Amino acid sequence: MDWRDQIFETLEGHGVRQVYYVPDAGHSKLIQRCQLSNTMKAIVLTTEEEAMAGALGAWLGGEKAVALMQSSGVGNCINMLGLSKTLRYPMLMIITMRGDFGEINPWQYSMGQATPEVLKAMGTMVFEVDRAEDVQATVNAAANMAFEGQTAVAVLLKQKLIGAKNFVGKKQP
Amino acid sequence: MTGRLKLHRRAVVKALLKDATDDLLVIGGLGQCAWDITDAGDRPQHLPLWGGMGGTVMMGLGLALAQPAKRVLVITGDGDMLMGIGSLATAAAQRPTNLAIVVLDNEKFGETGNQATHTASPGLGPTDRGAGTDLAIIARGSGIADCGTVTEEDQIPDLVRAARTVTGPVFRLVKVMVETLPLVMPPKDGAYLKDRMRQAILGYV
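Owing to the predicted nature of the structure, the values given are computational and were not obtained by experimental measurement.

Chemist: Can you explain unusual backbone geometry? Please cite residues and give values.
Modeler: The omega torsion of the bond from Gly168(B) to Pro169(B) falls at 0°, within 30 degrees of zero and hence cis. Residue placement: Pro169(B) occurs in the loop between helix 7 (156-164) and strand 8 (170-175). In this model, Arg88(A) sits at a positive phi of 55°, which is unusual for a non-glycine residue. Relative to the elements of secondary structure, Arg88(A) occurs in the loop between helix 4 (71-87) and strand 4 (91-96). The phi torsion at Asp19(B) lies on the positive side, around 50°, for a residue other than glycine.

Rendered as structure tokens:
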């Protein structure tokens, strides 16, 4: 099975009901499956930090949430990630990496390279995946730790796994 | 210019929360709104915020989606609403019929020395002026169909109906006076506030 479908089925298996996202090409198939799901609500955001507060509301009401974003969006979440630490509620994040292995857009390097460190600085546990065969087990482990441990856990889907964004065919100015 | 602003925030909030039943869940934005909802009577169905500025509407949205049979009332200030302005569009896209958002707009950042927010009039002096930003128009433009502005005492009964019973999403901008009021502090432990609300709603933590 494709690892994107494995993520969807793992989230479904954990009973995730609210899927907060700012789109990323690497998440597009997963987002579409969540949008078409009968059990999940797919919630498009204007900025990634909205997911940190939305997940709190979900947990207060007895629902599990997940946040999908690309690594540049992690920077938008930092202050709001403190909510999960202070109130002790699950904050599961699945993050597609940019500015990582093979990236040819240098504007992505700064936040991409800082992503694991800034997450860890906020007390978020971080698991990095760069092989397709490790995706399902890692997302499952992260979901168990987030929902049972009521804490913030991030899975970073590295560019060795998802591939660097291909700009081939784009016209040079 | 405060002569324009006639309503007392604590009286407005007391009216909004009068005879609250267990199915009224309230998120109070950090600063004065957290003190206001506590002054009206602290309940386990209240989440008064000590942080998370800009996230108040999103907390209400997540809760409203999880608990469609209960009413969720977000009470927050103009500063918090401006910081999370995009969350109005995010909430509108979900069309939560049980969500009401009430913004108490005193045109000031009240917790930090009453600096003017963007909602203050543009025609004032350098320390008091804003842009005349109208949060009700922004909410309407974000896709929330039922929006309104409350400036007068005789609009309060309609405001309470909108906040408590009218099909959502509902947005009301309430223009309130700048006042120095006694701090009425809710519990500060975030994990405790979360757990007591879950216990009240779900029957378990």
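Chemist: Could you give an account of the environment of Ala154(A), naming the residues involved and the relevant values?
Modeler: All names here are of chain A. You can see Ala154 is positioned in strand 6 (residues 152-157). Residue classification places Ala154 among the buried positions, given that 27 C-beta atoms sit within 10 Å. Separated by 38 residues in sequence, Ala154 and Pro116 place their C-alpha atoms 8.9 Å apart.

Chemist: Requested: an account of the nonpolar core, with residues and values cited.
Modeler: The biggest cluster of nonpolar side chains holds 111 residues, and the ones touching the most others in it are Ala55(A), Ile95(A), Ile75(B), Val102(B) and Val174(B). Not counting the four nearest positions on each side in its chain, Ala55(A) is found in contact with Tyr20(A), Ala65(A), Ala67(A), Tyr89(A), Met91(A) and Gly62(B).

Chemist: Run through the interface of chain B and chain A, naming residues and quoting values.
Modeler: Contacts between the two partners involve 26 residues from chain B and, on the opposite side, 27 residues from chain A. Mapped by element, the contributors of at least two residues to the side of chain B that touches chain A are helix 3 (56-66), helix 5 (86-94) and helix 8 (190-202) of chain B. Element by element, the count of residues in the side of chain B that touches chain A is highest for helix 3 of chain B, at 8 residues. Across the side of chain B that touches chain A, the residue classes break down as 13 nonpolar, 11 polar and 2 charged.

Chemist: Pulling in residues and values, what's your account of the pairing of strand 4 of chain A?
Modeler: All names here are of chain A. The buried fraction of strand 4 is high, at 6 of 6 residues. Residues Met91, Met93 and Ile95 of strand 4 are buried on one face, and the alternating residues Leu92, Ile94 and Thr96, pointing to the opposite face, are buried as well. Alignment of strand 3 (residues 64-70) against strand 4, held across 5 bridges, turns out to be parallel. From the neighbouring strand, Ala67 faces strand 4, where its bridge partner is Met93. For the handedness criterion, the β-α-β arrangement of strand 3, helix 4 and strand 4 is classed as right-handed.

About the thresholds
Residues numbered from 1 in each chain as written. Chains lettered and ligands numbered in written order. Predicted model: local features only at pLDDT ≥ 70, side-chain atom pairs only at ≥ 80, totals over all residues. Helix = DSSP H or I, 4+ residues; strand = E, 2+ residues; numbered from the N terminus. Buried ≥ 20, exposed ≤ 12 C-beta atoms within 10 Å, placed from the backbone. Core = buried A, V, L, I, M, F, W, Y, C linked by C-beta atoms within 7 Å. Contact = placed C-beta atoms within 7 Å. Nonpolar A, V, L, I, M, F, W, Y, C, P; charged D, E, K, R; others polar. Pairing = 2+ DSSP bridges. Right-handed = clockwise from strand over helix to strand, strands pointing away.

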